[in-house]
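# Structural features, examined
Below are the chains, spelled out letter by letter.
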Amino acid sequence: MSSEVRFTDFKSDKQPTWCPGCGDFGTMNGMMKALAETGNDPDNTFIVAGIGCSGKIGTYMHSYALHGVHGRALPVGTGVKMARPDIEVMVAGGDGDGYSIGAGHFVHAVRRNVDMTYVVMDNRIYGLTKGQASPTSRSDFETSTTPEGTKQPPVNPHALALAAGATFIAQSFSSDALRHQEIIQQAIEHDGFGFVNVYSPCVTFNDVDTYDYFRDTLVDLEDEGHDPSDYEAAKEIILDADKEYQGVIYQDENSVPYGEQHGLTEDMSDIPEGAPEDAMDLVREFY
Amino acid sequence: MAEDLNWAIGGEAGDGIDSTGKIFAQALSRAGRHVFTSKDFASRIRGGYTAYKIRTSVDEVRSVVDRLDILVALTQRTIDENLDELHEGSAIIYDGERSWEAEIPEEMTAVDVPLKSLAEEAGGAIMRNVVALGAACAITGFDVEYLDESLEKRFGGKGSKIVENNKEAARLGRDYVHENYDLDHLGYDLETTDEDYVLLNGNEAIGMGAIAAGCRYYAGYPITPATSIMEYLTGRIERYGGHVVQAEDELSAINMALGAARAGARSMTATSGAGIDLMTETFGLIAQSETPLVITDVMRSGPSTGMPTKQEQGDLNMALYGGHGEVPRFVVAPTTISECFWKTIEAFNLAEKYQTPVFLVSDLAMSVTERTFSPETFDMDAVEIDRGKLVDDDSVGEWLDDKGRFRAHAATEDGVSPRSIPGTTDGAHMSTGLEHDELGRRTEDTEVRVQQVDKRTRKVETAKEREAWEYREFGDPDADALIVSWGSNEGALVEALDYLEAEDVSVRVLSVPYIFPRPDLTEEFEQADDVIVVECNATGQFADVLEHDTLTRVKRINKYTGVRFKADELAEDIKAKLKEEVPA
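Residue numbers run consecutively from 1 along every chain, following the written order of its sequence. As they are written, the chains are lettered A onward and the ligands numbered 1 onward, keeping that order. Per-residue local features are limited, in this predicted model, to residues with pLDDT of at least 70; the limit for side-chain atom pairs, both in listing and counting, is 80 or more; totals at the level of whole chains, interfaces and linings are taken over all residues. To obtain the side-chain values, all non-hydrogen atoms of the structure were included, while hydrogens and water were left out.

### What to know about the overall build of chain B
To be explicit about the condition: Numbering of helices and strands starts at the N terminus; helices are DSSP runs of H or I of at least 4 residues and strands are runs of E of at least 2. The globule rule used for comparison is 2.2 Å times the number of residues to the exponent 0.38, while the radius of gyration itself is calculated over C-alpha atoms. Partly exposed describes any residue whose relative accessible area lies between the buried limit of under 20% and the exposed limit of over 50%, with all areas from a 1.4 Å probe on protein chains only and scaled to the type maximum. It only takes one pair of heavy atoms within 4.5 Å for two residues to be counted as in contact. Values of accessible area rely on a 1.4 Å probe in the Shrake-Rupley scheme; residue burial ignores everything except the protein chains shown.
Along chain B, the regular secondary structure elements total 18 helices and 21 strands. The C-alpha atoms of chain B give a radius of gyration of 26 Å, which matches the 25 Å a tight globule of 584 residues would have. Once the C-alpha set of chain B is aligned to its principal axes, its extents read approximately 90 × 60 × 40 Å. Counting every position in chain B, which comprises 584 residues, the buried fraction comes to 64%. When contacts within chain B are restricted to residue pairs at least 6 apart in sequence, those whose partners lie at least 24 apart make up 73%. A total of about 21,600 Å² of accessible surface is found on chain B, and carbon and sulfur atoms cover 44% of it.

### Brief notes about the interface of chain B and chain A
Quick reminder of the rule: Here the buried area means the combined drop in accessible surface, using a 1.4 Å probe, for two parts upon being joined, counting both sides. By salt bridge we mean one thing: a side-chain nitrogen of Lys or Arg within 4 Å of a carboxyl oxygen of Asp or Glu. Under the rule applied, a polar contact is a pair of N or O atoms within 3.5 Å (in protein, one hydrogen donor and one hydrogen acceptor; residues adjacent in sequence only if both atoms are side-chain atoms). When residues are grouped by polarity, Ala, Val, Leu, Ile, Met, Phe, Trp, Tyr, Cys and Pro land in nonpolar, Asp, Glu, Lys and Arg in charged, and all others, Gly among them, in polar.
The partner chain A presents 53 residues to the 71 residues of chain B that form the contact. Between chain B and chain A, a total of about 5,100 Å² is buried, with carbon and sulfur atoms accounting for 62% of that surface. Between the two partners, chain B and chain A, sit 6 salt bridges. Along the contact surface separating chain B from chain A lie 30 residue pairs in polar contact (both at pLDDT 80 or more). Breaking the side of chain B that touches chain A down by element, the ones donating at least two residues are helix 1 (17-30), strand 7 (198-201), helix 7 (202-212), strand 8 (215-220), strand 9 (243-246), helix 9 (250-262), helix 10 (273-288) and strand 15 (430-432) of chain B. The element that contributes the greatest number of residues to the side of chain B that touches chain A is helix 9 of chain B, accounting for 8 residues. When its residues are assigned to classes, the side of chain B that touches chain A shows 31 nonpolar, 21 polar and 19 charged.

### Observations regarding the packing of aromatic side chains
Our working definition: Only the six-membered ring of Trp is used, alongside the rings of Phe and Tyr, when aromatic pairs are assigned; centres must lie within 6.5 Å, and planes under 30 degrees apart are stacked while those over 60 apart are edge-to-face, with the rest tilted. Ring-over charges, as used throughout, are those where CZ of Arg or NZ of Lys falls within 6 Å of the ring centre and within 35 degrees of the ring normal.
This structure, assessed with the given rule, holds 24 aromatic pairs over all chains. Considering the side-chain rings of Phe283(B) and Phe359(B), the 4.6 Å spacing of their centres and the 65° angle between planes classify their relative orientation as edge-to-face. Taken together, the residues Phe283(B) in helix 10 and Phe359(B) in strand 13 (residues 357-363) connect sequence positions 76 residues apart. As far as burial versus exposure is concerned, Phe283(B) and Phe359(B) are alike and both buried. Pairwise contacts between aromatic rings join Tyr99(A), Phe106(A), Tyr118(A), Phe193(A) and Phe195(A) into one cluster. The ring of Phe7(A) carries Lys33(A) above its face, with NZ or CZ at 5.0 Å from the centroid. The cationic tip of Arg138(A) hangs over the ring face of Tyr213(A); the distance from NZ or CZ to the ring centre is 4.7 Å.

### Things to note about the environment of Val61(B)
Turning to its location among the elements, Val61(B) is positioned in the loop between strand 3 (49-57) and strand 4 (68-73). Along the primary structure Val61(B) and Glu495(B) are separated by 434 residues, whereas in three dimensions their C-alpha atoms are 8.2 Å apart.

### Describing the sheet that holds strand 8 (residues 245-251) of chain A
Each strand in a sheet pairs with its neighbour through backbone hydrogen bonds, running either in the same direction (parallel) or in the opposite one (antiparallel). This is how it is decided: Strands were regarded as paired on the criterion that DSSP finds at least two bridges between them.
Read across the sheet, 9 strands follow the order 7(A)-8(A)-5(A)-6(A)-4(A)-3(A)-1(A)-2(A)-15(B) without closing on themselves; strand pairing throughout is mixed. Edge positions in the sheet fall to strand 7 (219-220) of chain A together with strand 15 of chain B, since each has one partner strand and no second. Where strand 1 (residues 45-49) of chain A and strand 3 (residues 88-94) of chain A come together, 5 bridges link them in parallel fashion. If you follow Phe46(A) over to strand 3 of chain A, its bridge partner there is Val89(A).

### Overview of the environment of Asp530(B)
Residue and element names in this part refer to chain B. Structurally, aspartate 530 is set in strand 20 (residues 530-535). A C-alpha to C-alpha distance of 9.6 Å links aspartate 530 and valine 507, two positions 23 residues apart in sequence. Once residues within four sequence positions are removed from consideration, aspartate 530 is found in contact with Asp480, Ala481, Leu482, Lys555, Leu578 and Val582. Polar side-chain contacts of aspartate 530 include one of 3.1 Å to the side chain of lysine 555.

### Focus: the side chain of Ser420(B)
Residue and element names in this part refer to chain B. Its location among the elements puts serine 420 in the loop between strand 14 (370-373) and strand 15. Among the polar contacts listed, one links the side chain of serine 420 to the backbone oxygen of glycine 427, at a separation of 2.7 Å. Only 3.3 Å separates the side chain of serine 420 from the side chain of histidine 429, close enough to count as a polar contact.

### Remarks on empty space enclosed by the protein
Residues and elements named next belong to chain B. Our working definition: Grid points spaced at 1 Å and placed over the protein atoms alone form the basis of the search, with a cavity being a set where a 1.4 Å probe fits but cannot get out and a pocket an open set showing protein on both sides within 12 Å along at least five of seven lines. Lining residues have an atom within 4 Å of a point. Grid points are joined across faces, edges and corners, and a volume is the space filled by probe spheres set on the points.
For the coordinates displayed, the defined rule picks out 5 cavities of 30 Å³ or more. In this structure, the largest cavity occupies an estimated 110 Å³ of space. Every residue along the wall of the largest cavity is listed here: Phe36, Arg62, Thr335, Thr336, Ile337, Met366, Thr369, Arg371, Phe373, Ser488, Gly491 and Arg564.

Right, here's the structure in full:
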């Protein structure tokens, strides 16, 4: 089916329960279009998601998928890709899933550089639990659990990624459909761990980081003439806390993905019907 | 039973105790003698008392006993720690030239060998333990040439010079004892045979079983005493196209293993203690998403960090009940090192046939104990692999609904659904820890909820009927007293029978490798006057479930010192317990 895959083939017949206007619709559409555009088909694609609004994405898409436990989507995707180098793996999660409960896995997934794509649907709020602060919430953002703001700086996911040795760092805005799709596509095509933080506004609980806010402030790095292979320039952009931007921030063109480093080329699902032919050698080692 | 010899070397961690013991154990094994080893070690890298013990006989040996015949003592503490096991005829090899003055009880034979000086003569002080091995050979009449192959195996990678120096060190040790002591009165003459044995421990057997079963993916996080499974697989699994990954924590390890399993690979993780607690989060997801996964728990003393390098069988309740909600699972607990191999293979088959987590529960004593076996014990031709209802491009069609969607959680009669892995055309589907319908899609519909819970429960019921949940039996089948055991206690228990028989105490022993599902022992309990359940924990976790199954009160022998059961000690415990009243 791969030759004639359309993005709608990645759509399930389940109606999303996201709030009307939720940024996740655009995020998901871009993912489906990017997958189709890069020549993948649902039977050879695996989507992993964690918990929260973002975690529902596997239900609304059609492919092999696993909706796991909170914060652990990256390890699952890692296992899928290591066992099956032939399968396209995309991991999706929210800012809480990725940068709070899953922060430990995030930095290790980055430094492991497994050839998969990680899309974080960042709305700077906990939506499904009805409006608590998230790790990317602004320090003065008032929520049900932080009535006077968090009084802590928000996590800078790109800085975490850069420090961990990321080979592909990008950001997109779910409402800028074409650019979002392009950036996801570049992440898919990257040889290694493609990390994209997506501004995906929550229209119900976040009245600060809104569509209008991002539309007004967003700078496109491509328009700025930014060269993603320029590490120093990338560092400067990432550490500039006052700027909202989209585009590929950093890409290491010499990235060697984990599978290549470790010689993982075989389909591990294929095993013989009995013990391996030379298995008695394993016993003889104990003489 | 032929006379056995109990030998040990002890010193501080970092003194090369382990490798020295292993060299001697391999030499004895190569000489066609049975060997059973055990280790005492502390949770530190250098310093602290460490010992490696070997029991050897021409007959099969299944356990340790409370006796030590020859001790190589590198420190006074080695002597002090083992005073209980030393006896009048024991010989203690030590280096009188070293800075410590050995205090050796008068009735024992003190064998003062200048280990360090002789080692230096052979080429380096580092070989002093090998000099001691040579001395042990002289005392026991064991031909020092049997050491040569072990030394080659151990030091071959470092060049022939090193190997030759070590061989020389062993000979110097032997000659010194011959020249300076008249030890014929010790009366040892270690018989050799033409048997070819292999020598391996429980964790190595689990690793070997995993490869034999087609395991291709292992994710783990280092933790005593499970780590050696990961170390065994690293460097071997790659030969078969597999991979080992050291995850950032246990949460990640089990989720990586889960990912690989969903991708279609036979996949495993192993841990112990606190690691299994962290993994508990994912137990339910594995069961709910119906993913085949083998999770090995090599038990150690708990709770919390407990005693990380000491024996305990305290995690049975965790394996049976761990995880929130009701988690269908299998719990298999090998009772011997060879069973570590075969039950691992069975665990992979059960996991795929029933698409559910399988807990393979072993313990520290089994994981660090080495034993000799005939190589045929691990007959690879007998390995059977059953991947269950795995569909392919041709068979997937039977399982599509009228809209062409794959029914990954089809509510079949036996509770087992078809399984498609990525790449299978039309097999794409969603899996989730949420309650779901046949297609894997979230639901809170009461009827579907009941349908899916029943379906998952039904596959365990199916397995109960289809699989043989047997026990192994020893002793007198007609005895009034029934002893029940699980895990690594079997060896000590079976040897305890010899001691009991000598005193005309007759018992029947059941060793149960299946914790859930497990054999129904109601009839066996009813036939017995006395039932004693033996386990290495304080509360009697297996005794509890057996009482619940059979509605019969049992007596209990519990050891929770951190040390495994010994055959002679266990025989005494059983005799004492038989005299007690059955609890009300």
